[in-house]
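# Per-entry structural report
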Amino acid sequence: MATDIKADADITADTSGTADTDVDAYRARIRSFIAERGVPMRGEGVRVPRDADEEKAIRGWLRSLYEAGYLGAGWPVEWGGRAGHRPLHDLVLMEELIRGDAYRPLDQVMLASHAIIEFGTDAQKRDLLPRIRRGEHVWCQLFSEPDAGSDLASLRTRAEPEPAGDGFLVTGQKIWSTDAQWADMGLLLARTDPTAGRHAGLTAFVVPMDLPGLDVRPIREMTGHAEFCEVFLDGVRLGREHVLGEVNGGWKLVTSGLASERAFVGANAVQLERLFADLVTLARAARLPDGTTALRHEDVQAKLADALTRVEEVRLIVRDTVERILVDDEHPSDGPVAKLAYTETNVALTELAMEILASAASVDHEGLAVADRWRHNFLWGRALTISGGASEIMRGLIGRQLLGLPRA
């Protein structure tokens, strides 16, 4: 049976079916750059640096990506973007970062930069955008709350006008804020008009994470890492200069920002390709009690074939989604369909890996590192079905937007 997916079958092929030499050349340059200078990921979902040296290396790596014109290439030229940039190049970058096992840009950094470019004042752009490009500012996302995760519009954090002055006092709690413990800035969504409709009374703020009254508490996960945090805001004072966009116009900013990351959905297919290759390696290294490898058994081969089919299905779904994005002809359900397909397939692969490990009497030496990765991926995989919108929420969106079903 086939043991991997052809690496050249990228979804970034020209939609006309002909070779895109510009994309091929761009991919080759990025691949070489990553091989020479990339900072490795320690594991899926592991983004928080262990110490000051690793943090310095990560910030330097992000800065080098901006300086080389790979990150932020789609920004306006006056803020460091590159003339002639193609959106497809952003997807190529993410694919190659995954293939090269290199530290990937923080989603929150990309969301923050988009929001600042689209909604920020000139003063905010001059102050904040260069700091992002220099690696001085890592951002976190202060959106979700204990009772407002996937249903973000129900958030309760309040930003109330100061009794005297033109600022706001913010009180509330955020949770699942990735990287908040080492972030310099936060993109906050708070309710500024409690009498308005669910989406109408929200305002976005840029928040320095060292302000008085702001308390960050990491949450240790079952992986052993602490990538998420809860953030408490107790009378945090924000001035008008911290408002991003219009007061009570935060929902427009949030939906625009999330849409800005949609092209990166294509990179998920590459991630599944890597996981499937690891799955085959594990099956080749896992020894059953009779001394044979798991890969030699027909039942394991059948399960691997089924897994490969699911991975290929996701690749096709993602390819179609990206093609529609590139011609600005996407359907609102495309994102939820691609997200659900990727995260649920990811979980299925981790469960098959655990099944192979559970049946093994031993693992050959060359498979030990892969086995450790699968144990981590199994624990981390469930987080992907929650972050960015839980699978249950995605199914609801697909039902309403694609199938025309009523809201449950």
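Preceding this paragraph is the structure being described.
Residues numbered from 1 in each chain as written. Predicted model: local features only at pLDDT ≥ 70, side-chain atom pairs only at ≥ 80, totals over all residues. Heavy atoms only, no water.

Once that is clear, we can look at the nonpolar core. Membership of the largest hydrophobic core comes to 109 residues, with the highest contact counts inside it found for W61, W139, F205, L279 and I356. The leading source of residues in this core is helix α7 (residues 267-285), at 10 residues. (Core = buried A, V, L, I, M, F, W, Y, C linked by side-chain atoms within 4.5 Å. Buried < 20%, exposed > 50% of the residue type's maximum accessible area, 1.4 Å probe, protein only. Helix = DSSP H or I, 4+ residues; strand = E, 2+ residues; numbered from the N terminus.)

The next point concerns the packing of α7 against helix α9 (residues 334-359). Packed helices, taken two at a time, are described by the angle their axes make and the gap between the axes. One can describe the packing of α7 onto α9 by two numbers: an axis separation of 10 Å at closest approach and a directional angle of 10°. By the angle class used here, α7 and α9 are roughly parallel. Residues N268, Q271, L272, L275, F276, L279, L282 and A283 of α7 lie in contact with α9, whose contacting residues are Y342, T345, N346, L349, L352, A353, I356 and L357. In terms of residue class, the contact of α7 with α9 is built from 12 nonpolar, four polar and no charged. (Axes fitted to C-alpha atoms, helices over the stretch in contact; angles between N-to-C directions. Parallel < 35°, antiparallel > 145°, perpendicular 65-115°, else oblique. Contact = heavy atoms within 4.5 Å. Nonpolar A, V, L, I, M, F, W, Y, C, P; charged D, E, K, R; others polar.)

Moving on: the state of the cysteines. Under the definition given, this model contains zero disulfides. Counting only cysteine sulfurs, C229 is the nearest neighbor of C140, a cysteine outside any disulfide, at a range of 7.8 Å. Exposure remark for C140: the relative accessible area of 1% places this residue in the buried category. Using a relative accessible area of 0% as the deciding quantity, one classes C229 as buried. (Disulfide = S-S within 2.5 Å.)

Moving on: a nonpolar patch on the surface. A cluster of nonpolar side chains, L402, L403 and L405, forms an exposed patch at the surface whose accessible area comes to about 300 Å². Checked against the element boundaries, L403 lands in the segment after α11 (391-401). Accessibility expressed as a relative area gives 58% for L403, which makes it exposed. (Patch = residues over 30% accessible without salt bridge, like charges linked within 9 Å, V, L, I, M, F, W, Y side chains within 5 Å. Areas by Shrake-Rupley, 256 points an atom, 1.4 Å probe, with all protein chains shown as cover. Salt bridge = Lys/Arg side-chain N within 4 Å of Asp/Glu carboxyl O.)

Here the focus is unusual backbone geometry. The phi dihedral of D101 is positive, around 55°, even though this residue is not glycine. The phi dihedral of N248 falls on the positive side, at around 70°, and the residue is not glycine.

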